[in-house]
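# Architecture and fold: a report
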Amino acid sequence: MSHLLFIMRLIWRAQPAALIRGTVLAVAVLVAGVALLGLSGWFITAAGAAGLAGIGIAFNVFQPSAGVRFLALARTAARYGERLLTHDATLKSLTDIRVGLLRGVLGLPFQRLARLRGAETMNRLVADVDALDGISLRLFIPAIAAVTVYLGSFLALWWLTDLVLAIWIVASFTLGTGVVLVWTGRFAMAPSRRAEKALQAFRIRLIDLLRARDDLVVYGRLPDQTAAVGAAEMRLRENLGAVDRLERRAGLMLALTTTVSAGIALWLGGALVARGTISPAQAALGFFAALALSETVQPVRRGLADLGRMLDAARRVRRLLPANGAATLPAKPAAPPRPEAPALEMADIAYRHPGAETPVIDGFDLHLTPGESVALTGASGRGKSTVLALAAGLIAPDRGRILVSGRALGDLPEGQLRAEITYLPQRSMLLGTSFHDMLALGAPGLDERDALAALEAVALSSTVAGRGGLHATLSENGAGLSGGEQRRLALARALLRKPRLLLLDEPTEGLDRPTAIRVLAGIREMLPQATILTASHRRAERDWADRLIRMT
């Protein structure tokens, strides 16, 4: 439960005024509902008693009728206002949590971040945040409103009827519904969790089917993947059915609780009427008020049925939020770059991959002058990509220091670090609805002239023109482009950032030698003053570099 309370504090802290007003309106909705049914019962019974007594013509029907109309309208208006305020405030709070989650994911260690599947991770984050709205809307706010109404109903019934009747109605209803709700939360926990996991499995398998349908057809695996999607959907339906059955049983038990509470309240009211303690109209008021109290637990019942899903989502969200949801401190301004200092300096660097027995690099030194092009060479596994990740600040060395233009890498604020250094790994995601939109991720406000210049630099301008131009639709993650075209498109985006230090991991992999030479020349033409460090296997990249550093 601590995870739920933590998320609720975040939601409340983000929108306190709106949630307080929404909670007050939620109380008003329940109060109006109880008062409406209680007044209606009193009015009908009192009017009937007056008619039997022969004084019906003297009975004032206008004030109770006006009260019924007022309560009905007030309940409708309060319900609208409560939904508007609480849902709007909750969705705004969840927006802040979603931003914090993305920051938390970006702050994960590089090795863990590299293992994440983008679509799967995004789907998981979206589903988790969506599950959190029930914490405030179906648990805490309805629970606060219900407890408030129970206390108010007890005092009102004591004043309007009798203490014994008030104690029975409130105590029996509170005890009975409490037992039912605890039972619901306990037994719905497991199927609710399984239903959420089944939903995620179904989404992922369906997305995989849609994305890879051409390959699945070619290799004859489409029926297998279709069967896997069907099996995931079946498990989802089974678990959702289990949750629905538990909720219906809870609804039946709550109806029985209401029936017993209201029935005995009617019997107690009749006994008090027989003793002359209260009037028949007062007994009817107590009976109908007991019936009306059942409205207080309906939202909580649904919330407890989803408790397992909300608990798991809150636990994952809390684990990913930076500093457990603490506000991000403003970054300290960093010192400006020193033009006379080395563009990149690494001294006595050692780094060991998590779980590895020996370091991948140990005692490594590197010195790059401004504007220099240097290629790291050597067999696979010698640490070339690790050096690039260290220089980009994605991982921290176990020993040694890294300076960028004379400043410690760790002292640079994130925004300034990413403005000065651009790292293009071997695999890059292509996002955007068009070629222009994808390139604009590297340079917001990009105009067409600069976009075309970047495409020309990486020998892609004719390819893009043949596909309809800059504003032609770009398929998801570059589907339809060859591997070399996808890499060059990502390279063009990196060049548009105009970094002082450009880090490239095998930038011409998959290209023929003439194209590779043309692309490498275009990189230098686009960034004549930049310092460039590459991890290279190909001869073209080694010939292009000003200097080679062999990793052994």
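Criteria and cut-off values
Residues numbered from 1 in each chain as written. Predicted model: local features only at pLDDT ≥ 70, side-chain atom pairs only at ≥ 80, totals over all residues. Heavy atoms only, no water. Pairing = 2+ DSSP bridges. Helix = DSSP H or I, 4+ residues; strand = E, 2+ residues; numbered from the N terminus. Contact = heavy atoms within 4.5 Å. Axes fitted to C-alpha atoms, helices over the stretch in contact; angles between N-to-C directions. Domains from an automatic or database assignment. 1 Å grid on protein atoms, 1.4 Å probe; cavity = no way out; pocket = protein on both sides within 12 Å on 5 of 7 lines; lining within 4 Å. Points joined across faces, edges and corners; volume = space filled by probe spheres on them. Nonpolar A, V, L, I, M, F, W, Y, C, P; charged D, E, K, R; others polar.

The strand order E2-E1-E4-E5 describes an open sheet built from four strands, whose pairing is antiparallel. The two strands at the open ends of the sheet, each matched to only one other strand, are strand E2 (361–368) and strand E5 (407–408). Two strands pair when backbone bridges link them, and strand E1 (residues 344–351) and strand E4 (residues 399–404) are joined in this way by five bridges, in the antiparallel orientation. When the bridges of E4 are listed, Glu-345 appears paired with Leu-403. Sheet strands touched by helix H13 (residues 384–391): E1, E2 and E4. Its angle to E1, the strand with the most contacts, is close to 120°.

This next bit is on the domain arrangement of the protein chain. Segmentation of the protein chain into domains returns domain 1 (1–320) and domain 2 (344–550). If you average the C-alpha positions of domain 1 and of domain 2, the two centres end up 52 Å apart.

Over the atoms, a rolled probe matching the size of one water molecule traces out where space is still vacant. In this structure, the second largest pocket encloses a volume near 360 Å³. Together, 20 residues line the second largest pocket, and Arg-79, Glu-82, Arg-83, Leu-137 and Pro-299 are the ones closest to its centre. Counting only elements with at least two residues in the lining of the second largest pocket, the list comes to helix H2 (16–52), helix H3 (62–106), helix H6 (133–160) and helix H11 (298–305). With seven residues, H3 is the largest single contributor of residues to the lining of the second largest pocket.

Considering all chains together, one arrives at two cavities of 30 Å³ or more under this definition. By volume, the second largest cavity is sized at about 40 Å³. Lining the second largest cavity are Leu-424, Pro-425, Gln-426, Ser-428, Arg-487 and Ala-490. Within the lining of the second largest cavity, the residues separate by chemical class into three nonpolar, two polar and one charged.

Looking now at the side chain of Ser-261. Mapped onto the elements, Ser-261 comes out in helix H9 (residues 222–274). Filtering out sequence-adjacent residues up to four positions away, Ser-261 remains in contact with Trp-168, Ile-169, Ser-172, Phe-173 and Ala-290.

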